[in-house]
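Summary of the model geometry
Listed below, chain by chain, are the residues.
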Amino acid sequence: MVFATESYLAANDRPTKISIRNVFKVFGDRPDKALDLLKAGKSKAEIHAATGCTIGVNNATFDIRAGEIFVIMGLSGSGKSTMLRLINRLIEPTAGSIEVDGRNVATMPRSELIALRRRDISMVFQSFALLPNRTVIDNAAFGLEVAGVAETERKARACAALQAVGLDGYDDSRIDQLSGGMKQRVGLARALAGEPTVLLMDEAFSALDPLIRTEMQDELVRLQAEHSRTIVFVSHDLDEAMRIGDRICIMQNGEVVQVGTPDEIVLKPANDYVRSFFRNVDVSQVFRAGDVARKTQVTIIERQGVSAAAALERMEHYDRDVAIILGRDKTYHGMVSRNSLIETTRDGARDPYRQAFLPDIEPIPASESLSNVLGKVAASAFPLPVIDEANRYLGSISKSALLETLDRTA
């Protein structure tokens, strides 16, 4: 399974790209009356009976961070596709604020909105919407052509976009010569050719067969790693949301029920509706080693003046059989046990820590999925250390911590 390349903590530091505040969408001829009834506590069914109006989105408020893949999901009729189309005002909001880079899309003049769509926001639909009488490169360049970009520039940008999605060499092919997955790649290339900062994707892969769909999900994550954009992705498929989403927004009856990372939602679902989505999720495919690592082991900073005897005393004080040896910069050096330290001390080793390191203890990268960790932890007599990309120690995974994580989500 592929996950977002950056950690949640790093993503949490990103600035807000899209800000949704108290957004409503009412479909029908009496939206003001429908809003009054909604604020009075009437249900969607009661409002429809009284006004003929349908509540598409009900008081949505959330932020989307720059550079994240933000998945909106819910059952049919939950409002997820309506919410997506409100962001670029393909659907007019009834009330509320939708800001992109601090500019309110809901109130900007039409000319400014068109410029925003051409410059900053592209959209990929479930249907490929390709022009059968045009070649692959002409389809990829179509949006740029509509925007008035000169032919030489639009062909160059379309060519680069096709190369990015793995269609290099198919420039002059006809659309009817392509497979379904290749057609969707052309649609994605057309969106990327505009070099948008925001990419809106409405169930873009749902028409593909499962193998091609997985391939396109991997392709999207790869493209995101190479050139980070803000991607808002609508899906009704839980596996897809868990596979690609940095954060997931769950909608029900037009309302935003919960927003969080996949592991936050799995561990702390807001209600039974959310819980039902994740009831049969294989959490070993959702969580990573860094999510489970705990700093419950004794750590020793390896430096002059800290003897093996002092380390043994700390281990005894905290009732631990092992200790993690770190550098001054918190990088992982190795793991020692009481017995290994006692033996090296008894033998008069000049470097008791290093000679006491336990063999065959390989640290686990924080990004490793739990499915790949289970066997390693089960086979180890000791908790296994977890490190980040800079070899800094993040904590250890014990059998009990692993079982607790799996049990909490059962």
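Residues numbered from 1 in each chain as written. Predicted model: local features only at pLDDT ≥ 70, side-chain atom pairs only at ≥ 80, totals over all residues. Heavy atoms only, no water.

**Quick notes on the confidence of the model for the chain**
Applicable threshold: One confidence number per residue, pLDDT, is output by the predictor and ranges from 0 to 100. In what follows, residue pairs with any heavy atoms lying within 4.5 Å of each other are defined as contacts.
Scored by pLDDT, the chain has a mean of 86; 92% of the residues are at 70 or more. Within the model, the stretch residues 1-10 combines pLDDT values under 50 with 20 contacts to residues more than four positions away or in other chains.

**Observations concerning the nonpolar core**
Applied cut-off: To qualify as a nonpolar core, a set must consist of buried Ala, Val, Leu, Ile, Met, Phe, Trp, Tyr and Cys residues joined through side-chain atoms within 4.5 Å. The classification of residues rests on relative accessible area computed with a 1.4 Å probe and restricted to protein chains. Under 20% of the type maximum is buried, over 50% is exposed, and intermediate values are partly exposed. Under the DSSP-based scheme used, a helix requires at least four consecutive residues in state H or I and a strand at least two consecutive residues in state E, with every element numbered from the N terminus. Where each domain starts and ends follows an automatic or database-derived domain assignment.
Judged by nonpolar contacts, the single largest core of 71 residues is most densely connected at Leu188, Met201, Ile250, Phe278 and Ile397. No other element matches the seven residues that helix H9 (residues 180-193) contributes to this core. Each of domain 1 (4-14 + 66-85 + 109-120 + 196-281) and domain 2 (291-409) contributes no fewer than three residues to this core. With sequence-adjacent residues up to four places away left out, phenylalanine 278 is seen in contact with Leu238, Met242, Ile250, Ile265 and Val266. One finds Val23, Ile91, Val198 and Leu200 within the second-largest nonpolar core, a separate group that totals 28 residues.

**Focus: the packing of helix H8 (residues 151-164) against H9**
Between two packed helices, what matters for the description is the angle formed by their axes and the separation of those axes. We count it as follows: With axes taken as lines fitted to C-alpha atoms, and helix axes fitted only over the stretch in contact, angles between N-to-C directions fall between 0 and 180 degrees. Roughly parallel here means an angle under 35 degrees, roughly antiparallel means over 145, roughly perpendicular means 65 to 115, and every remaining angle is called oblique. With the far helix as reference, a near helix turned anticlockwise by less than a right angle produces a left-handed crossing, and one turned clockwise produces a right-handed crossing.
Between H8 and H9, the least distance of the axes is 8 Å, while the angle of their chain directions is 130°. Taken as axis vectors, H8 and H9 run oblique relative to one another. Crossing of H8 over H9 shows right-handed handedness. Where H8 approaches H9, its residues Arg157, Ala158, Ala161 and Leu162 are matched on the opposing element by Ala189, Leu192 and Ala193.

**A closer look at the environment of isoleucine 364**
Along the chain, the position of isoleucine 364 falls in strand E14 (residues 364-365). With 24 residues separating them in the primary sequence, isoleucine 364 and aspartate 388 have C-alpha atoms 8.7 Å apart. Non-local contacts of isoleucine 364, meaning those with residues more than four positions away in its chain, are made with Ala289, Val373, Leu384, Pro385, Val386 and Ile387.

**Describing the domain arrangement of the chain**
Domain annotation of the chain identifies domain 1 (4-14 + 66-85 + 109-120 + 196-281) and domain 2 (291-409). Using C-alpha coordinates to define each centre, domain 1 is positioned 37 Å away from domain 2.

**Quick look at the sheet that holds E14**
In a beta sheet, neighbouring strands pair by backbone hydrogen bonds and run either parallel or antiparallel. What counts here: Each pair of strands is called paired provided DSSP finds at least two bridges between the two strands.
Across the sheet, which stays open at both edges, the three strands sit in the order E14-E15-E16 with mixed pairing between neighbours. One side of each edge strand has no neighbouring strand; the edge strands of this open sheet are E14 and strand E16 (393-397). Of the strand pairs in this sheet, strand E15 (residues 384-387) and E16 are connected by four bridges, and their pairing is antiparallel. Residue pairing for E16: proline 385 is matched across the bridge by serine 396.

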